Amino acid sequence: MNTMRGVAVFPCNVMRLRRHCSSIHHHHHHSNSNNNNGRIRKSRVVVRNSSKLDDDAEADVIVIGSGIGGLSCAALLARYEQNVVVLESHDVAGGAAHSFDVKGYKFDSGPSLFSGLQSRGPQANPLAQVLDALGESVPCATYDSWMVYVPEADFLSRIGPTEFLKDLQNHAGPEAVQEWQKLLDAIRPLSTAAMALPPLSIRGDFGVVYTAAARYAPSLFNTFLQMGPQAALRSTQLLSPFSQILDSLELKHPFIRNWIDLLSFLLAGVKSDSILSAEMVYMFAEWYKPGGCLEYPLDGSAGIIDALVRGLEKFGGRISLQSHVEKIVVENDRAVGVKLRSGQFIRAKKAVVSNASMWDTLKLLPEEIVQKSESDRINTTRQCESFMHLHLGFDAEGIRDDLGIHHIVVNDWERGVDADQNVVLISVPSVLTPNLAPSGKHVLHAYLPGTEPFELWEGLDRRSAEYRNLKAQRSEIMWRAVERAVGEGFSREKCEVKLVGSPLTHQRFLRRNRGTYGPAVKAGKDTFPGHSTTIPQLYCCGDSTFPGIGVPAVAASGAIVANSLVSVSQHSQLLDAIGI
């Protein structure tokens with residue numbers, strides 16, 4: 001794919017890819033509880049074909065892990081008529097996006113802020129394009145605002161171009177309004193360029209010239225002509241940090257810079273000086289356009305996983321749960337299959353695709369096979385921090401009727417949005433989709449998003465008093481944020497379910513190295529690795545690969561790997577079928 005780096009079109013595909021669409025938050029697990037609230041029952045994803053695999057099992061392609069990236073890859077491969085099997089260690093599909101059930105409360109373990117799931121066509125977000133290719137959809141409730149608690153004020157922030165200007169006028173003043181308007185005006189033409197190359201047209205070989213360049217070159221060329229020289233010049237910054245665009249526009253208002261850092265951090269776990277401009281341009285195009293809205297799947301994040309599993313099975317793909325891959329088997333320097341913890345070997349005729357993180361994939365490989373330069377690169381890649389989670393179930397009686405689904409609390413701008421114990425995200429999906437909780441109850445998920453240091457927890461015994469005390473201490477900031485957001489009528493004591501999740505919980509249930517949110521890759525300095533590896537027939541998808549962290553990005557990574565494993569003509573037929 002780097003062969004296209006010099007072509008004017010290349011910046012466009014990146015932003016297309018990392019589109020924020022769906023989740024802002026992407027990485028969690030089951031929380032383990034201090035108090036015995038009943039056994040955790042897992043999500044409703046029903047996997048019909050998860051019976052034990054045959055002793056002499058083989059497939060064209062084996063996918064390790066059923067996160068959104070792995071399922072997107074596997075389901076598209078099944079749609080391409082490949083014999084594909086997904087192997088999932090957990091007893092429920094979904095990876096960081098799985099759901100679980102405690103006493104009738106259905107909790108999301110990860111993503112909570114979504115948009116673009118209903119979009120279709122060339123400018124749709126990547127996950128929506130994958131679902132379209134599978135003939136599946138995810139029913140959603142829509143809404144247009146989220147509650148913000150920042151040092152300046154508490155206010156209801158509305159999605160859309162004009163509504164947010166009113167918030168700015170009230171809480172930050174006329175200069176902030178002028179700067180925001182200047183930013184929106186500069187971003188509009190950039191978003192046209194960003195959306196000119198659909199991510200599903202990308203593949204990891206020279207075939208990209210046919211599937212992407214030839215197919216979209218005329219519209220790309222017209223886009224650049226219409227943009228005019230200044231905007232076209234700025235679009236070359238789409239692969240640079242977003243802060244460069246802010247600086248070139250001379251945006252200096254502290255509230256504007258803080259707000260953009262916050263949006264950037266929610267999106268990718270880094271501030272505006274490290275996020276790809278492309279990614280932010282996407283989010284702005286999605287959120288601040290006329291009629292823009294946010295979406296929440298009626299079945300929570302499990303609704304997305306259900307749709308991908310349905311698509312996989314509809315086209316003959318298989319998924320096997322509780323199938324823990326112990327190692328990737330390499331013969332004659334090629335990946336030829338996997339060995340399960342049970343001792344069973346499963347052969348892959350064409351490829352093995354790992355949806356595990358780069359650090360976890362490395363552990364699956366024989367040491368002598370991996371080049372030292374490669375293992376060094378992986379082991380020295382900086383990681384985002386981990387999470388704290390608070391999952392609550394409580395009675396809706398006495399709670400205000402106008403409680404919104406999303407709340408964000410920023411305690412201190414000075415410390416930075418990436419500081420620990422500073423920013424809390426809260427999602428109360430039962431206000432939109434009551435079926436996620438027992439009748440007359442609310443389900444709530446609060447979390448510290450990728451800011452909790454793993455070092456504080458490393459090596460602790462999860463049964464020890466020290467661990468329990470640290471959980472109580474480090475979760476207090478979330479409890480206070482919840483009390484502030486939910487307001488009168490809420491009490492900790494009355495919660496029927498209280499689950500506190502630590503980075504150790506995160507690491508354990510998601511099999512995430514050090515419980516991390518993913519690689520902390522800085523735009524302009526580093527790039528996310530591609531999808532092929534130094535070992536023939538071994539590919540990677542998910543948030544350790546291009547285009548990076550977040551639901552839309554991992555769906556795109558899975559699609560790129562699937563496209564790369566089939567012929568150009570099969571790929572082109574798929575693009576024709578979904579009208580892009």
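Structure report, in brief. Since this is a predicted model, take the numbers as computed values, not measurements.

Right, let's talk about empty space enclosed by the protein for a bit. Under the criterion given, the structure shown has two cavities of 30 Å³ or more. Taken together, Ser-112, Leu-113, Trp-146, His-406, His-407, Ile-408, Leu-425, Ile-426, Ser-427 and Tyr-447 make up the full set of residues lining the largest cavity. A class-by-class count of the residues in the lining of the largest cavity yields six nonpolar, four polar and no charged. What the second largest cavity holds in volume is close to 40 Å³.

Next up on the list: the layout of surface pockets. In this structure, the largest pocket encloses a volume near 810 Å³. Ala-356, Asp-360, Leu-510, Arg-511 and Arg-512 are the residues nearest the centre of the largest pocket, which is lined by 42 residues in total. The biggest single contributor to the lining of the largest pocket is helix α14 (residues 503-510), with four residues. Taken together, the residues that form the lining of the largest pocket break down as 14 nonpolar, 19 polar and nine charged.

Let's shift gears to the packing of helix α2 (residues 68-79) against helix α3 (residues 126-134). Where α2 contacts α3, the axes come no closer than 10 Å and their chain directions differ by 30 degrees. Relative to α3, α2 is oriented roughly parallel. The interaxial crossing formed by α2 with α3 has left-handed handedness. Residue-level inspection shows Ile-68, Ser-72, Ala-75, Leu-76 and Arg-79 of α2 in contact with α3, the latter providing Leu-127, Val-130, Ala-133 and Leu-134. Of the residues assigned to the contact of α2 with α3, the class counts are seven nonpolar, one polar and one charged.

So, on to the packing of α2 against helix α10 (residues 301-314). Two numbers describe how α2 lies on α10: the axes approach to 8 Å, and their chain directions differ by 25 degrees. Judged on the interaxial angle alone, α10 and α2 are roughly parallel. In this structure, α2 meets α10 at a crossing whose hand is left-handed. Touching Ile-68, Leu-71, Ser-72, Ala-74, Ala-75 and Ala-78 of α2 are Ile-304, Ile-305, Leu-308, Val-309, Gly-311 and Leu-312, all from α10. By residue class, the composition of the contact of α2 with α10 is ten nonpolar, two polar and no charged.

Counting 116 residues, the largest nonpolar core has Ile-68, Leu-168, Trp-180, Leu-183, Phe-242, Trp-259 and Phe-284 as the members making the most contacts within it. The dominant element in this core, judged by the number of residues it contributes, is helix α8 (residues 254-268), at ten residues. Non-local contacts of Phe-284, meaning those with residues more than four positions away in its chain, are made with Trp-180, Leu-183, Leu-184, Ile-187, Phe-242, Ile-260, Leu-263 and Lys-289. Leu-392, Ile-426, Leu-448 and Cys-495 belong to the second largest nonpolar core, which has 31 residues in total.

With that settled, the discussion passes to the pattern of salt bridges. Taken as a whole and judged by the stated rule, the model has 26 salt bridges. When the shortest N-O distance is used, the salt bridge between Glu-483 and Arg-492 registers 2.7 Å. Since its relative accessible area comes to 31%, Glu-483 is described here as partly exposed.

Reading the values: rules and limits
Residues numbered from 1 in each chain as written. Predicted model: local features only at pLDDT ≥ 70, side-chain atom pairs only at ≥ 80, totals over all residues. Heavy atoms only, no water. 1 Å grid on protein atoms, 1.4 Å probe; cavity = no way out; pocket = protein on both sides within 12 Å on 5 of 7 lines; lining within 4 Å. Points joined across faces, edges and corners; volume = space filled by probe spheres on them. Nonpolar A, V, L, I, M, F, W, Y, C, P; charged D, E, K, R; others polar. Helix = DSSP H or I, 4+ residues; strand = E, 2+ residues; numbered from the N terminus. Axes fitted to C-alpha atoms, helices over the stretch in contact; angles between N-to-C directions. Parallel < 35°, antiparallel > 145°, perpendicular 65-115°, else oblique. Left-handed = near helix turned anticlockwise from the far one by under 90°. Contact = heavy atoms within 4.5 Å. Core = buried A, V, L, I, M, F, W, Y, C linked by side-chain atoms within 4.5 Å. Buried < 20%, exposed > 50% of the residue type's maximum accessible area, 1.4 Å probe, protein only. Salt bridge = Lys/Arg side-chain N within 4 Å of Asp/Glu carboxyl O.

That is the geometry; function is a separate question.
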